[in-house]
Amino acid sequence: MADPIISLIQILIFPGLIFLFILGLIFEWIDRKVFARFQNRIGPLYTGPRGFLQPLADFIKLLTKEDVTPRYVDKFLFNLLPGIAPVLPVFASFYLPLNGYPILHPFEGDLILIITLMTIYTIIVFMAGWVSTNRFSSIGAARAILQFLGFEIPMFISLASVAIDSASLSITYIADHQPIPYILLQPLGFIIFLIALQAELERVPFDIPEAESEIVAGWLTEYSGPKLAFFRLSNNLMLVFGAGLTTAIFLGGGSGPILPPIIWYLIKMVFVVILSTILRTVFARLRIDQVLSGAWRYLIPLAILQLILAKFLAVLVM
Amino acid sequence: MSTYKIPVGPQHPAIKEAFQFNFELDGEIIVNVKPRLGFVHRGIEKGMELRSWVQGIYLSERICGICNVPHTTCYCIAVEKLHDVDVPKRAQYLRIIINELNRIHSHLLWLGVLGMELGFLTFYMYVWRDRERVMDLVELISGNRVTPSMNFIGGVVYDITPKMEMAIKKGMDYLEERTKYYKSVVLNEPTIKVRTENIGVLNKSAATDLCAVGPVARASDLKTDVRFDDPYSSYDEIPFNLVTYSYCDVFARVLVRVDEVLESINIIRECLDKLPSGPIMKKLKRTPPPGESTVRVEAPRGELMYYVKSDGKENPYRVKIRTPTLANIPAVCEMLKGYHIADIPAIIASIDPCYCCTERILFIDKARNKRWIWSHSQLRKYSLEWYENGGRR
């Protein structure tokens, strides 16, 4: 971090802003393509080789659309929130050891910082729906908060059990000190984390806050044009960040034979994205009360069980 | 906590056609529902009166895109009744075949739509892929994928050759296998089950009171099916089972429709085996003699009724149409009460609504046990007054 030019390049280009942006678009393409193939469709095809540039084309198209601000919304927040939303996953991703070492200097406790950022993201989603003053948006916003109550807790407990096992709260440390990846040591925690991540990313079966056939687009209903583009972008970046965090915590980060860490990291991230897409493919959407009761009745007890097992494991390793 | 209102429709992703349900909600729970019709009133009945008897077939075909075959069947049988003739046996069997193909196509379409309403896109894509097979068969027979224009006053237009027969039988084998697979998906997939079981319950007495028809009534354990109760077009010669379930919920409606697809496949096989030889059309006069007739047929959505009156002239004097969706709207309003917002799409979809068929006006005052129909002049007077008073209710 000594040379300011190198750190600037790291932040802006690789593995910083532009890299994450491109990765977000690529992951959206992978997600859409795999989703389509599972459904016996072809998926994006015409823009670029095998429709590779379709997410970029969608993004640019939305940017060129008319920028509408409805009359009765809170204009300041309504225009501000789409700008803030993509910042959070990017900032959080700066603590992921994408290239073997994170862009921002890791410290003992950056896991907690990242958890905080994820929580703030949910609150931004809630506010985005709430300031729209649309009835469908308000319902979507309320659902986003309810879902957050159900899923953040098991997610954090499953992260905590890994932290206990590795005796560290630093993502980089956890990623680097995994002789056996935690996906094998704590498979239960991994499954819980993946399910909670699916809810965090608002993907089927937990796309309740933006359930299309029920409440139009939920908290997103009033957003169109560039604002929608930025929310979609932030969702893609959340996918990148979620896959990256899963890789760092459960799959041993960039560690692997022969290939450089960044390649290993990307391969593992794609694996997580495809897992998430498969989950999205095989389920119908659940109802908010079913999701909450499921989360509190099954996921949280299982997460606590995993925490206890992790404690035992830590004692055994000692 | 006070209640609040949300409108669902006329433009809403859950309802593809222009129709409005005004929901009164307490949190996420539905307290009251008010349906509002009239967005797509197209003046079809008046249009019938302005067209000749033959043109009426093609207009009736366009009342509903999905269940167009029962509409033409019903109209043609009604006009044939005025002529007081029976169409040839072969034509009757061909009518059954095309009607059942239409039923399979409609039910599979509906099954896919349900998957979409539940957010289960994979199911939707698979079902619609297999639905293509039925549409190919309809195209093979008639040259059109969706509107076959098969029926004509006095018989049917297209014949089924032995080669087509083979193709249809092959298609039926494929569809039977796929439909059985979808039935197992519906029965075993937990997310579908939790979203449909004990949702939108309409018990047997309520279904009777609210005059539910078709699969909705059969899912509430009412044994009602025009094909059984009042057989038309040689349905009495074909053995088939009346599918009923007693769960009374959305899940039962899914199962009724899936089982009906299987029954339809058997009916088509039976018809192809028994298909009599002979002409497919009986030539009739252009205009039927004066008289009136009422015909009911079982459309995929339920009982469809046509009343046709002739005064011996070039055009029908009056054609009155009662579509199944209209009959099911009071039932769906009852079903919705007490459930969540998230259940709205599934429950509304469970009656397989088709609003563009539905735009008619009939008043029923249940408290005073009285019913009346407004004439055109009354409606006109009401609308003029309504707009004079500012056009708001």
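Note that this is a predicted model, so its numbers are computed, not measured.

Here we look at the overall build of chain B
Of the regular secondary structure elements, chain B holds 14 helices and 10 strands. Against the globule reference of 21 Å for 393 residues, chain B gives a C-alpha radius of gyration of 21 Å, in line with a compact fold. Projected onto its principal axes, the C-alpha positions of chain B cover 70 × 55 × 35 Å. Residue burial in chain B is summarised as follows: out of 393 residues, 46% are buried. Taking contacts inside chain B between residues at least 6 apart in sequence as the whole, the part at least 24 apart equals 68%.

Side note on the overall build of chain A
Check the secondary structure of chain A and you find 14 helices and zero strands. N-terminal to C-terminal, the α/β element order of chain A is α-α-α-α-α-α-α-α-α-α-α-α-α-α. For 318 residues, the compact-globule estimate of 2.2 N^0.38 gives 20 Å, and the C-alpha radius of gyration of chain A, at 19 Å, lies within 12% of that figure. Seen through its principal axes, chain A has C-alpha atoms that stretch 60 × 50 × 45 Å. Residues classed as buried in chain A amount to 50% of the 318 residues present. Nonlocal contacts in chain A, meaning residues at least 24 apart in sequence, comprise 77% of its contacts between residues at least 6 apart.

Some words on the nonpolar core
Soluble globular proteins tend to pack their nonpolar side chains together in the buried interior. I97, A331 and I347 of chain B are the most contacted members of the largest nonpolar core, which totals 194 residues. Sequence-distant contacts of I347 of chain B, that is, excluding residues within four places in its chain, are made with I199, G200, V250, V332, M335, L336 and Y339 of chain B.

As for the pairing of strand 8 (residues 318-322) of chain B
Residue and element names in this part refer to chain B. Covered by surrounding structure in strand 8 are V319 and I321 only, the residues R318, K320 and R322 on the alternate face being uncovered. Strand direction decides the pairing type here: strand 7 (residues 302-310) and strand 8, joined by five bridges, are antiparallel. Each bridged residue has a counterpart across the sheet, and for Y306 the counterpart in strand 8 is I321.

Regarding the interface of chain A and chain B
Taken together, the contact pairs 24 residues of chain A with 24 residues of chain B. Elements supplying a minimum of two residues to the side of chain A that touches chain B: helix 7 (135-166), helix 11 (212-215), helix 13 (261-282) and helix 14 (288-317) of chain A. Among the elements that make up the side of chain A that touches chain B, the one with the highest residue count is helix 11 of chain A (four residues). For the side of chain A that touches chain B, a count of residues per class yields 12 nonpolar, five polar and seven charged.

As for the sheet that holds strand 8 of chain B
All names here are of chain B. Taking strand neighbours across the sheet as the criterion, the three strands line up as 6-7-8 in an open arrangement whose pairing is antiparallel. Of all strands in the sheet, those bounded by a partner on one side alone are strand 6 (291-299) and strand 8. In this sheet, adjacent strand axes meet at a mean angle of 10° when their direction is disregarded. In the sheet, strand 6 pairs with strand 7 via nine bridges, with the strands oriented antiparallel. By the bridge assignment, V295 is partnered in strand 7 with Y306. Across the face of the sheet, helix 3 (residues 68-83) comes into contact with strand 6 and strand 7 while running at roughly 150° to strand 6. In the packing of helix 12 (residues 324-336) onto the sheet, the strands contacted are strand 6, strand 7 and strand 8, and the crossing angle to strand 7 comes to about 130°.

Observations regarding the sheet that holds strand 1 (residues 4-8) of chain B
Residues and elements named next belong to chain B. Ordered by their spatial adjacency, three strands build an open sheet running 1-2-3, and the pairing between neighbours is antiparallel. Each edge of the sheet is formed by a strand with only one pairing partner; in this case those strands are strand 1 and strand 3 (29-36). The mean inter-strand angle of the sheet, taken between neighbouring strand axes irrespective of direction, is 25°. Sheet topology places strand 1 next to strand 2 (residues 20-26); five bridges connect them, and they run antiparallel. Counterpart to I6 in the pairing with strand 2 is F23.

Some thoughts on helix 4 (residues 89-117) of chain B
Residues and elements named next belong to chain B. Here helix 4 contains 29 residues, and its C-alpha end-to-end distance of 42 Å stays within 8% of the 42 Å for a straight helix at 1.5 Å per residue. For helix 4, a buried count of 27 out of 29 residues is recorded, marking the element as mostly surrounded by other parts of the structure. Phi turns positive, to about 75°, at G119, one or two residues after helix 4.

Observations regarding the pairing of strand 2 of chain B
Residues and elements named next belong to chain B. Summarising the sheet, strand 2 and strand 3 pair through seven bridges and their orientation is antiparallel. Counted as the bridge partner of L25 is I30 from strand 3. A loop of two residues connects strand 2 with strand 3, the two strands running antiparallel in sequence, and G27 in this loop sits at a positive phi of about 70°.

Describing the packing of helix 4 (residues 75-84) of chain A against helix 6 (residues 110-131) of chain A
Residue and element names in this part refer to chain A. Where helix 4 contacts helix 6, the two axes come as close as 9 Å, and the packing angle between them is 155°. One element, helix 4, and the other, helix 6, form an angle in the roughly antiparallel class. The interaxial crossing formed by helix 4 with helix 6 has left-handed handedness. Along the contact surface, helix 4 presents L77, F78, L81 and I84, while helix 6 presents I124, M127, A128 and V131. Of the residues in the contact of helix 4 with helix 6, the class split is eight nonpolar, no polar and no charged.

Considering the environment of A207 of chain B
Residue and element names in this part refer to chain B. Within the element layout of this structure, A207 appears in helix 8 (residues 204-209). Overall, A207 belongs to the buried group, with 24 C-beta atoms counted inside 10 Å. Measuring from C-alpha to C-alpha, the distance between A207 and V332 comes to 9.9 Å, with 125 residues separating the pair along the chain. A207 has contacts with L202, A212, A217, S220, L222 and A331, leaving out every residue within four places of it along the chain.

Some thoughts on the confidence of the model for chain A
Across chain A, the average pLDDT comes to 85, with 98% of residues at or above 70. The lowest-confidence element of chain A is helix 11 of chain A, averaging 69 in pLDDT; the highest-confidence one is helix 3 (residues 54-64) of chain A, averaging 91.

Conventions adopted
Residues numbered from 1 in each chain as written. Chains lettered and ligands numbered in written order. Predicted model: local features only at pLDDT ≥ 70, side-chain atom pairs only at ≥ 80, totals over all residues. Helix = DSSP H or I, 4+ residues; strand = E, 2+ residues; numbered from the N terminus. Rg over C-alpha atoms; globule rule 2.2 N^0.38 Å. Buried ≥ 20, exposed ≤ 12 C-beta atoms within 10 Å, placed from the backbone. Contact = placed C-beta atoms within 7 Å. Core = buried A, V, L, I, M, F, W, Y, C linked by C-beta atoms within 7 Å. Pairing = 2+ DSSP bridges. Nonpolar A, V, L, I, M, F, W, Y, C, P; charged D, E, K, R; others polar. Axes fitted to C-alpha atoms, helices over the stretch in contact; angles between N-to-C directions. Expected span 1.5 Å × (residues − 1). Parallel < 35°, antiparallel > 145°, perpendicular 65-115°, else oblique. Left-handed = near helix turned anticlockwise from the far one by under 90°. pLDDT = per-residue confidence, 0-100.

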